[in-house]
Amino acid sequence: LNLTLMNSLRDICDYVVTRTNIIENYISTENMLPNKGGVCDMLKVPSGGIGTKYQVGDILISNIRPYFKKIWQADCEGVCSIDVLCLRANEKVDSRFLYYLLTQQSFFDYVMSGTKGCKMPRGDKQQIMQWHIHLPSLVEQKKIAGVLSTLDAKIQLNRRINDNLAVYFVNFELPRHKFWQESVP
């Protein structure tokens, strides 16, 4: 890989600050899943209010208690809470590659090093944008992101298969074979 040192995260993306009324596809820290698990459906969307407008490809990161590692790359348009940081890649970086950069433990460690508050620490937006990264060429970024996306898709498929098998084994009794009955007291 031919790596180029970029000065900081702010060189390759921007905070989205466009505000709009809360509508469907609302994301808050409550429906973001820990450990890079994405998002789940919001049980109750706030009526009224203003949030940050996000679009497909934007990266949403919970800014409250960053140690939970709540991050998601938007696959639809919507609105997020002001407690969720919305980052949009610029022309220097592939948005999927940026997502994978930001899922690294080193990023979350960096964010935690600049948090403010004890009970519910929050990341420092200015400090976050100073995170230094090495950036390969755009062609290499797309290749790397493609491989990682393929691996993620396989992991998700395996999780769905495992979940389905778990439901099957819980809901149905397996037939008892003669060898089973003889070996189990």
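On a predicted model such as this, the values are computed, not experimentally measured, just so you know. (Residues numbered from 1 in each chain as written. Predicted model: local features only at pLDDT ≥ 70, side-chain atom pairs only at ≥ 80, totals over all residues. Heavy atoms only, no water.)

Undergrad: It is not clear to me how the sheet that holds strand E5 (residues 50-54) should be interpreted in this structure. Could you clarify?
TA: Paired through their backbone hydrogen bonds, the strands of a sheet run either parallel or antiparallel. If you walk across this open sheet you meet the four strands as E3-E5-E8-E4, and the pairing is mixed. On the outer flanks of this sheet lie strand E3 (19-21) and strand E4 (26-27), each paired with one strand and no other. Pairing of E5 with strand E8 (residues 78-80) involves three bridges; the strand directions are antiparallel. When the sheet's bridge partners are listed, Lys-53 is paired in E8 with Val-79. (Pairing = 2+ DSSP bridges. Helix = DSSP H or I, 4+ residues; strand = E, 2+ residues; numbered from the N terminus.)

Undergrad: Help me understand the packing of aromatic side chains in this model?
TA: Working definition: an aromatic ring pair is given by the centre-to-centre distance plus the angle between the planes. In this structure the tally under the stated criterion is five aromatic pairs. Taken together, a centroid distance of 5.5 Å and an interplanar angle of 70° make the contact between Phe-107 and Phe-108 edge-to-face. Take Phe-108: its relative accessible area is 2%, and that puts it in the buried class. Grouping aromatic residues by their ring pairs yields a cluster made of Phe-107, Phe-108 and Trp-131. (Phe/Tyr/Trp six-rings, centres within 6.5 Å; stacked < 30°, edge-to-face > 60°. Buried < 20%, exposed > 50% of the residue type's maximum accessible area, 1.4 Å probe, protein only.)

Undergrad: Explain the pairing of strand E6 (residues 59-62) here, please?
TA: Both faces of the sheet carry side chains from a regular strand, because those side chains alternate between them. Residue alternation in E6 divides its side chains into two sets, Ile-59 and Ile-61 and Leu-60 and Ser-62, and both sets are buried. Pairing analysis gives four bridges linking E6 to strand E9 (residues 84-89), with the strands arranged antiparallel. Bridge pairing in E9 links Ser-62 to Val-84.

Undergrad: I would appreciate a short explanation of the pattern of salt bridges in the present structure.
TA: Two side chains that carry opposite charge are able to pair once their charged atoms sit near each other. Under the criterion given, the structure shown has three salt bridges. Asp-83 is the partner of Arg-122 in a salt bridge, and the nearest nitrogen-oxygen pair spans 2.7 Å. On the criterion of sequence distance, the pair formed by Arg-122 in the loop between helix H2 (105-113) and helix H3 (125-128) and Asp-83 in the loop between E8 and E9 is long-range, its members being 39 residues apart. A salt bridge links Asp-124 to Lys-116, with the nearest nitrogen and oxygen atoms 3.4 Å apart. (Salt bridge = Lys/Arg side-chain N within 4 Å of Asp/Glu carboxyl O.)

Undergrad: Any chance you could explain the nonpolar core here in plain terms?
TA: Ranked by internal contacts, the top residues of the largest apolar core, which has 24 residues, are Leu-9, Ile-61, Leu-98, Leu-102 and Phe-107. Counting residues per element, the ones that place at least two in this core are E6, E9, helix H1 (95-102), H2 and strand E10 (133-135). Per-element tally for this core: the top contributor is H1, with six residues. Sequence-distant contacts of Leu-98, that is, excluding residues within four places in its chain, are made with Leu-9, Ile-12, Cys-13, Ile-59, Ala-89 and Val-93. Counting 10 residues, the second largest nonpolar core, distinct from the first, contains Val-16, Ile-27, Leu-60 and Cys-80. (Core = buried A, V, L, I, M, F, W, Y, C linked by side-chain atoms within 4.5 Å. Contact = heavy atoms within 4.5 Å.)

Undergrad: Looking at this structure, I do not really get the environment of Lys-36. What am I missing?
TA: As for its placement among the helices and strands, Lys-36 is situated in the loop between E4 and E5. Its relative accessible area of 34% is what places Lys-36 among the partly exposed residues. Expressed as a C-alpha distance, the spacing of Lys-36 and Trp-72, which sit 36 residues apart in the sequence, is 6.9 Å. In contact with Lys-36, not counting residues within four places along its chain, are Lys-69, Ile-71, Tyr-99, Thr-103 and Phe-108. Of the polar contacts made by the side chain of Lys-36, one reaches the backbone oxygen of Thr-103; its length is 2.8 Å. (Polar contact = N/O pair within 3.5 Å; in protein donor to acceptor, adjacent residues only side chain to side chain.)

Undergrad: In this structure, what is going on with unusual backbone geometry? I would like to understand it.
TA: Negative phi characterises most residues that are not glycine, and trans characterises most peptide bonds. Of note in this structure, Arg-65 is not a glycine but carries a positive phi near 50°. With respect to the helices and strands, the residue Arg-65 is situated in the loop between E6 and strand E7 (71-73). The exposure class of Arg-65 is partly exposed, given its relative accessible area of 29%. Here the phi dihedral of Lys-69 falls at roughly 55°; this positive angle occurs in a residue that is not glycine. Along the polypeptide, Lys-69 turns up in the loop between E6 and E7. By relative accessible area, Lys-69 is classed as buried at 17%.

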